[in-house]
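# Report on the structure
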Amino acid sequence: MRVLTGVLGDCVTAGRSTSTDPCADAVALWLGLHGLAHQRTVSHAFPRPADLVRHFAASLSRLGPV
């Protein structure tokens, strides 16, 4: 979590993320991606767009356009 928080903090410093709490947003990103990975493993019939991971990660980390 420290690495993810640090990287997200670096994104804030570089102006790439609008996060005001990199620690909380890192936890949200970790939990969201963990849940997505779990659903991909257990529910093959779950409908999802092809770019879901990019959208999901960008939203939870508050990243701007890449």
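Residues numbered from 1 in each chain as written. Predicted model: local features only at pLDDT ≥ 70, side-chain atom pairs only at ≥ 80, totals over all residues. Heavy atoms only, no water.

## Focus on the packing of helix α2 (residues 22–42) against helix α3 (residues 52–61)
Heads up, the rule is: Between the N-to-C directions of two axes lies an angle of 0 to 180 degrees, each axis being a line fitted to C-alpha atoms and, for a helix, fitted only over the stretch in contact. Strands here mean DSSP runs of E at least two residues long; helices mean DSSP runs of H or I at least four residues long; both are numbered from the N terminus. Here the word oblique covers every angle except those under 35 degrees (roughly parallel), over 145 (roughly antiparallel) and from 65 to 115 (roughly perpendicular). Handedness of a helix crossing follows the sense of rotation of the near helix relative to the far helix, less than a right angle counterclockwise being left-handed and clockwise being right-handed. Two residues qualify as a contact provided that any one of their heavy atoms is within 4.5 Å of a heavy atom in the partner residue. Polar here means any residue other than Ala, Val, Leu, Ile, Met, Phe, Trp, Tyr, Cys and Pro, which are nonpolar, and Asp, Glu, Lys and Arg, which are charged; Gly is therefore polar.
The contact between α2 and α3 brings their axes to 8 Å, and the two run at 160°. What the angle tells us is that α2 and α3 run roughly antiparallel. As α2 packs across α3, the resulting crossing turns out to be right-handed. Of the residues in α3, those in contact with D25, A28, L29, G32, L33, L36 and R40 of α2 are L52, V53, F56, A57, L60 and S61. Looking at the contact of α2 with α3 residue by residue, the class counts come to nine nonpolar, two polar and two charged.

## Regarding unusual backbone geometry
Note: most residues except glycine have negative phi, and most peptide bonds are trans. Quick note on the threshold: Each residue's exposure class comes from its accessible area (1.4 Å probe, protein chains only) as a fraction of the maximum for that residue type: buried when under 20%, exposed when over 50%, partly exposed otherwise.
Despite not being glycine, R62 has its phi angle at roughly 60°, a positive value. Of note, R62 is situated in the segment after α3. Since its relative accessible area comes to 43%, R62 is described here as partly exposed.

## What to know about the confidence of the model for the protein chain
Predicted coordinates in regions of low pLDDT should not be interpreted in detail. Operational definition: Per-residue confidence from the predictor is reported as pLDDT, which spans 0 to 100.
For the protein chain, mean pLDDT is 85; residues scoring 70 or higher make up 97% of the total. At the low end of the mean pLDDT range in the protein chain sits α3, at 80; at the high end sits helix α1 (residues 2–13), at 94.

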